[in-house]
Amino acid sequence: MATVAQARRTRRSWLSRIDQRHVIVYGTALVLAVTVVVPLAVMVIISLRPTEAIPPITGTDFTLDNYRTTFADPVTYRLLWNTALYALGSMAVGLVLGVLMSWFVGRTNLPFRNGVYPMALASFAMPGVVTAFGWIVLGRPRTGILNTIIRGMTGSDANTGPLNVFTLEGMILVTGVALAGSMFIFLAPYFQRMDPALEEAATTSGAGRLGTLRHVSIPLLFPGILTVAVYYVVIMVQIFEFPLAIGVTAGVPVLSVRVFLLTQPEFGLINYGLAATFAMIAMFIGLVLLGVYLWVTRQAERYQVITGKGYRPNRMDLGFWKWPAAVFVFGIFGIKIILPLLALIWASLLLYFQPLSMDALSLVSLDNYRSVFGSERIRNSLLNTVLLVTLAPTLSILLAALVAWASTRIKLRGVRMLEVLAFMPLAIPGIVMGLAMLVTLIRTPIWGSVWIIIIGHTIGFLPFGVRLLSAAMLQIGRELEEAGSTSGATPLTIFRVVMLPLVLPAFLNGWLWVFAHSIRDFTYPLLFSTPDNAVLATQIWELWTTPDIPKGSALSVLLVVFLMAFVFVIRKTATRFFGGTVT
Amino acid sequence: MLTVEKLRKTYESDQGPVEAVRGISFTIEEGRFYTLLGPSGCGKSTTLRCVAGLERPDSGEIVIGEDAVYSRDAGIDVPGNKRDIAMVFQSYAIWPHMTVFDNVAFPLAHGRARVPKAEVRRRVTEALEMVQLESMATRPAPYLSGGQQQRVAVARALVSRPRLLLLDEPLSNLDARLREDMRRELRSLTMRLNLTTLYVTHDQVEALSMSDRIAVMRQGLIVQEGSPVEIYAHPAEPFIAQFVGKVNLLKGRVVNNGNGTEPGLVDVGAGGLTCFVPEGIGANDPVLLSIRPEHVVVYAGERPGATNVLSGRFQSAFYVGDSWECVVQVGDMALQARLNEAVTFSIGDEVNLELAPDHCVAFRSEE
Amino acid sequence: MEAARAEGEVEVWINWSEETVNALQDKWQEDFGWPIKITSVPKSASAATAEVIAATEAGQEVGDLGQPSTGLLLQLIEADAVEARDWVGLYGGRFPGVEEASNVYFDELAGYGLHFWDVLYEFTYNTNLLSEAEVPKTWEELTDPKWKGNIAIDARGYPFNFMLHSPDWDEASIRDLVERLAANEPVLPGRSRGDEVIAGEVAIQVGGCNRDDIARGAPIDCIYPDYTLFNPLIATPFKNAKHPNLSPLFAAWIVTDGFPTYASIQFNGRLSNPDSIEAQELARQSADRDITVVEQSDFAVVAEDEALRRSIGEFWTQTGGGG
């Protein structure tokens, strides 16, 4: 027995004194700093360089000219106004539909409600460009398939309308409906996991059904719904596929499209300085919204009524109205997935596009599919695609898991910064992030390889993974990890053997989400596009803009069908392994 | 075996810093069962977690065996996973994604004391036998009852043969009956294995029945350390007296302090009582006189030779199975007494109380 | 030649169909007796030019061959991304046609590339919706409100910039025309082969004639407007080409011996060739009306037209068809 005075005070070597937790935190911070902060710093510099300067950045003359030009131009304010209208409008449409769907699925006896979730996931599989194109084919004034059908049914002899997708309203509606499915995925848990006892308590206190709804259910759900709403405003400020495909003809330019076009020599004066300046504006808006989002999330978590426990919610009997409700819910998916997909399939069966008619039916053939399968260019892009969609989700979710773990579990000063860093890509439009990486890496060998896309996706999709895994990890009792420590396991072993398996369902869901987004994303592959790093998405875009709409449609149909099948199979397999915990 | 020296730990909270542990020291001898007892928030769990390496103290020293594992002055802070300890958590912390076997095998497979596969199997089986769960080895952990999970947690702690076993309120989630069995079982296991044990609880029955030594903690400090008998019979403060069992506290004033050698006399208003008056309390000082209910005898009429007698009116009696808990109103004081035989009094009866002088202790009071 | 053969591969930053690539590979094998592998990276000339300039400045390798317009070639020269060579001396012996192709309209551009093919900007119309007689024949007629919502125009600003080469137009009158066309709320595709007009969404589309789909039976045809805008494309090897030996040889071959194979699939020809579809159609249509082909003659204008194009592109993407 040693007294304190006699105890061995062995100072271990510096190597063995390195705390793994520090290595994890600082290592992750370093990775994030290099991949997030450096490109953004370059972006700031470029926005301060003379307009005509071409990256990579050389020279030391700085000026505020870009900002002066931007803020002196009335078009800028129109852009901001359009962006606000579009982002808020489409978010509102999506939110109303999403909340209704979540309520029907979570709290009523809607028929076939178990089919809604897989449908919503499948809707992830539709690239935005493809949906947008599908909608142009469906809703353009003269030959839009829907317009032709409606005119035929009403016997109208007008040759345009009644729908016109090339308007701000059209753009908002199409985007809003497209959002509803994915918003449902975020909203549904709030409805499904709310403890019915909270409502029952109100009912037993004498409140009527409406009173309960007004005074208990809605206030309880409000913070959750608000976080989703703010999250989607952030996303909508950045989205550019719909505004690019529809908004140019509609005469509704928005911020994200402006940033994109400023880097496209095809369309206008290529101007990295101005692009960077607009990117800074977009980023500023994004950061403000991100601040709001993080604040709202914190408030929402403060009175967490949603627990991890599985409740059996008491479902409202809709009576006869359950059938119209089902038509409504599945109709949204019809509009989001099935109609555009049908439009695409139709386009893919023709050698040149023709409106739906009996005459055109005679032109149908599978030639486009034959040439897609026969295309060496597309075959070559498959290897890159496989590399991208296996590595990017894996790296992104692993990094997200580390960040989530560090920020929820490791008590170190500055850990909070890690989370903010990881959330930055959410605030920064993909187009801005991509541009920043492009100008940063243009002198390195990474430029032009598929790795630059992998890095872009890993970082770009990080916030979603962090959000998902933080939420999952917060539900894991702290003692489960501490038991690992007192059993003598190192922090990394605990992460690997205890934490990761416990959050595996969330991990898998996140992986699938990034996978689906990575395979269909155009932003990064296009910005970084060279012949050597072509991926499937680039091929679709190229066919689309070549333009070879028939072959583009054929390839898109194949991609969407493959993605749906893949998501379906993974979920089925995962459900078998985790007993229904993968949702 | 374990020495904790001037340990301090402060938390940051929304309301500012909270001093959870304010400089405590204690030593556990090899093979002894040592309990930190106190109400929630007294700093006992924080102390344990500092020893386990789950919290980093602000200052002080912690020595396990011959090795300092924490010393602020010497700049030593051995990570928890490198300390020769094992711990059982209040929530058991059984990993739900593993089987019983994998849970128990974890310290040997992934921990400090890694051993070959065959050895793992042998030792896990041995540990499971110790807690009588050998038949459940392949069962997934979530399919166990609370008591079984508890045993798995104990087996996991024992399997690595730690030098020091840390138990953080391990019995508080069990129902009363199971708790009693586990108490006995845990104690006999640690005795058989000659394990040095640090036990944290707020339950005085657990503390009194299991420990070799008890340290009573309050507001981050150890207020008394001693054997269970010492703590129960000679509490250093009214707080301790109250915490380790039921106690009557009577306000009074010292008439004669007995100079610390013989019993003194305290006037409690309803009469003078003979009791032990600790040193340092002078005549006329305000005191609290403590006596446990089981040392109060209630009787009607006169009883020859009785000392320290107060008169009162019988108030109530609750039957609690093995005895009756009675309340007698004496002036403005309600005194509790425990009667082992059937109560023959009716409410409102005039009764006398004899407060056994050997068990009356006076504490300094702030008036 | 041996070095070119050793390279064996050529990467063109031009959008060619697989059919074109395969036919050209076969023809090459036939002409030279050894194979090459042609990779087509589908980029527009303006995108390819911008990328080549950025990559060259960054010291990166780029593709082998592009087909810039005169204005884009000028940019490439200014950015030092292309090299001049003595085409006739190097390849004139093997391919006699090189001498004619080495005439790229301006001395300032001479040596950097070879005349490849010409884009003529026409009005494409849907034959189900309009007869040839109903189709506007002049740019002015296109501004008639009766075509409101019934026109498609390239959002990138083509082809109005080429009007600068005509003495009858100047920047102000071109911008005025564009603004009056905007009042007709055109549909604004990016690059387009005329899908909007093929589908019948619009009756008229301004752009190069898609003879490829006409051959497949698409219900469209083309007329030449009063000012038919002319854009010669120049086969240009890049300085940082991946295959520096094969790329100029390939350029010399594709504009001469390889050209008939190319033209038979892509339906692109040179106006200077009287047998080309373009020349024959032009002859037919100019029989009964005046058609001015706006040829490029003033090098100073070359430097300006690309800037005007981008500025008009800005106009379209900023204000859209709705004005």
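Residues numbered from 1 in each chain as written. Chains lettered and ligands numbered in written order. Predicted model: local features only at pLDDT ≥ 70, side-chain atom pairs only at ≥ 80, totals over all residues. Heavy atoms only, no water.

J.: Just checking my understanding: could you explain the overall build of chain B for this structure?
T.: When helices and strands are counted, chain B shows 8 helices and 21 strands. Counting across all 367 residues of chain B, residues that qualify as buried make up 51%. Put simply, of all contacts in chain B between residues at least 6 apart along the chain, 65% involve residues at least 24 apart. Total accessible area computed for chain B in this model is approximately 16,600 Å², and 47% of it derives from carbon and sulfur atoms. Counting 38 positive and 47 negative side-chain charges, chain B places the averaged centre of each group 8 Å from the other. (Helix = DSSP H or I, 4+ residues; strand = E, 2+ residues; numbered from the N terminus. Buried < 20%, exposed > 50% of the residue type's maximum accessible area, 1.4 Å probe, protein only. Contact = heavy atoms within 4.5 Å. Areas by Shrake-Rupley, 256 points an atom, 1.4 Å probe, with all protein chains shown as cover. Lys, Arg positive; Asp, Glu negative; His and termini not counted. Charge placed at Lys NZ, Arg CZ, Asp CG, Glu CD.)

J.: How should I be thinking about the overall build of chain A in this particular structure?
T.: Broken down by element type, chain A carries 27 helices and 0 strands. Here chain A holds 583 residues, and the buried ones make up 59% of them. Long-range pairs, those at least 24 residues apart, make up 76% of the contacts in chain A with a sequence separation of at least 6. Split by element, the accessible area of chain A, about 23,600 Å² in all, is 69% carbon and sulfur.

J.: Just to check I follow, could you spell out the interface of chain B and chain A for this structure?
T.: Put simply, an interface is often sized by how much accessible area is lost when its parts join up. Tallying the contact residues gives 46 residues for chain B and 29 residues for chain A. Taking both sides of the interface into account, the surface hidden between chain B and chain A amounts to around 3,000 Å²; carbon and sulfur atoms contribute 56%. Put simply, chain B and chain A have 1 salt bridge between them. Between R49(B) and E482(A) there is a salt bridge, and its shortest N-O distance comes to 2.5 Å. For the pair chain B and chain A, the number of links is 4 residue pairs in polar contact (both at pLDDT 80 or more). Within the residue set of the side of chain B that touches chain A, elements represented by two or more residues are β1 (2–13), β2 (16–28), α1 (44–52), β4 (59–64), β5 (67–71), β6 (76–77), β7 (85–88) and α2 (100–110) of chain B. (Buried area = accessible area lost by both parts, 1.4 Å probe. Salt bridge = Lys/Arg side-chain N within 4 Å of Asp/Glu carboxyl O. Polar contact = N/O pair within 3.5 Å; in protein donor to acceptor, adjacent residues only side chain to side chain.)

J.: Would you mind going over the domain arrangement of chain B with me for this structure?
T.: Here the domain parsing of chain B yields domain 1 (2–237) and domain 2 (246–364). Distance from the C-alpha centre of domain 1 of chain B to the C-alpha centre of domain 2 of chain B: 39 Å. (Domains from an automatic or database assignment.)

J.: Honestly, helix α3 (residues 117–130) of chain B in this entry has me stumped. Any pointers?
T.: In an α-helix, one turn spans 3.6 residues, which is why side chains three or four residues apart end up on the same side. All names here are of chain B. The end-to-end C-alpha distance of α3 is 20 Å, a good match for the 20 Å that 14 residues give at a rise of 1.5 Å each. For α3, the elements touching its buried residues are α2, α4 (146–159) and α5 (176–192). Within two residues after α3, Q132 carries a phi angle of roughly 60 degrees, on the positive side. (Expected span 1.5 Å × (residues − 1).)

J.: Looking at this model, I keep getting lost on the environment of A132(A). Mind explaining?
T.: All names here are of chain A. Mapped onto the elements, A132 comes out in helix α6 (residues 128–139). A132 gets classed as buried once you look at its relative accessible area, which sits at 0%. Residues in contact with A132, not counting those within four places in the same chain, are E241, F242 and A245.

J.: How should the interface of chain C and chain A be read in this particular structure?
T.: Between chain C and chain A, the residue contacts involve 56 residues of the former and 44 residues of the latter. Buried area between chain C and chain A, summed over both chains or domains, comes out near 4,300 Å², and the portion from carbon and sulfur atoms is 50%. One can count 2 salt bridges joining chain C with chain A. Residue R140(A) is joined to E201(C) by a salt bridge in which the shortest nitrogen-to-oxygen separation is 3.7 Å.

J.: How do you make sense of the nonpolar core when you look at a structure like this?
T.: One broad rule of soluble globular proteins: the nonpolar side chains tend to lie buried together. One finds W16(C), F160(C) and F250(C) to be the most contacted residues of the largest nonpolar core, which totals 322 residues. Excluding its chain neighbours within four sequence positions, the residues that come into contact with F160(C) are W139(C), I153(C), I174(C), L177(C), V178(C), L181(C), L308(C), I312(C) and W316(C). Judged by nonpolar contacts, the second largest core, of 38 residues, contains V88(B), V120(B), L128(B) and L133(B). (Core = buried A, V, L, I, M, F, W, Y, C linked by side-chain atoms within 4.5 Å.)

J.: How should I be thinking about a nonpolar patch on the surface in this particular structure?
T.: Among the surface-exposed residues, F112(A), F320(A), W321(A) and W323(A) lie close enough to one another that they form a single nonpolar patch of about 590 Å² accessible area. Examined against the element boundaries, W323(A) turns out to sit in helix α14 (residues 322–348). (Patch = residues over 30% accessible without salt bridge, like charges linked within 9 Å, V, L, I, M, F, W, Y side chains within 5 Å.)

J.: Is there a simple way to think about the packing of aromatic side chains in this case?
T.: According to the stated counting rule, one finds 38 aromatic pairs over all chains in the structure shown. Pairing W511(A) with F515(A) gives two aromatic rings, centres 5.3 Å apart and planes at 15 degrees, and the pair type is stacked. With a gap of 4 residues between them, W511(A) and F515(A) both fall in helix α24 (residues 504–520), about one helical turn apart. Residue class for W511(A) comes out buried when judged on its relative accessible area of 16%. An aromatic cluster is present here, built from W16(C), W28(C), F32(C), W34(C), F95(C), F116(C), F250(C), W253(C), F259(C) and Y262(C) joined pairwise through their rings. The lysine or arginine in question, R218(B), covers the ring of F239(B), its NZ or CZ lying 4.5 Å from the ring centre. (Phe/Tyr/Trp six-rings, centres within 6.5 Å; stacked < 30°, edge-to-face > 60°. Lys NZ or Arg CZ within 6 Å of the ring centre and 35° of its normal.)

J.: Just checking my understanding: could you explain empty space enclosed by the protein for this structure?
T.: If a probe as big as a water molecule is rolled over the atoms, it shows which places are left empty. Residues and elements named next belong to chain A. Per the counting criterion, the structure on display carries 4 cavities of 30 Å³ or more. The volume enclosed by the second largest cavity comes to roughly 790 Å³. Forming the boundary of the second largest cavity are 36 residues, of which I235, I239, F461, H517 and R520 lie nearest the centre. Here the lining of the second largest cavity gets 5 residues from one element, more than from any other, and that element is helix α8 (residues 168–192). Summarising the domain contributions, the lining of the second largest cavity has at least three residues from each of domain 1 (20–72 + 370–583) and domain 2 (73–342). (1 Å grid on protein atoms, 1.4 Å probe; cavity = no way out; pocket = protein on both sides within 12 Å on 5 of 7 lines; lining within 4 Å. Points joined across faces, edges and corners; volume = space filled by probe spheres on them.)

J.: How do you make sense of the sheet that holds β6(B) when you look at a structure like this?
T.: Two pairing modes exist for strands in a sheet, parallel and antiparallel, and in both the strands are linked by backbone hydrogen bonds. Residues and elements named next belong to chain B. Overall, antiparallel pairing links the 5 strands, which are arranged β2-β1-β4-β5-β6 in an open sheet. Taken across any chain shown, the strands that pair with only one partner, and hence form the sheet edges, are β2 and β6. Taken together, the 5 bridges between β1 and β4 define a ladder with antiparallel strand orientation. When the sheet's bridge partners are listed, L2 is paired in β4 with I64. (Pairing = 2+ DSSP bridges.)

J.: I'm lost on the domain arrangement of chain A in this one. Help?
T.: Residue and element names in this part refer to chain A. Domain assignment breaks chain A into domain 1 (20–72 + 370–583) and domain 2 (73–342). Contact with domain 1, which involves 50 residues of that partner, is made by 52 residues of domain 2. For the pair domain 1 and domain 2, the summed buried area comes to about 4,600 Å², and 75% of that belongs to carbon and sulfur atoms. Ranked by residues supplied to the side of domain 1 that touches domain 2, first place goes to helix α27 (residues 549–578) with 9 residues.

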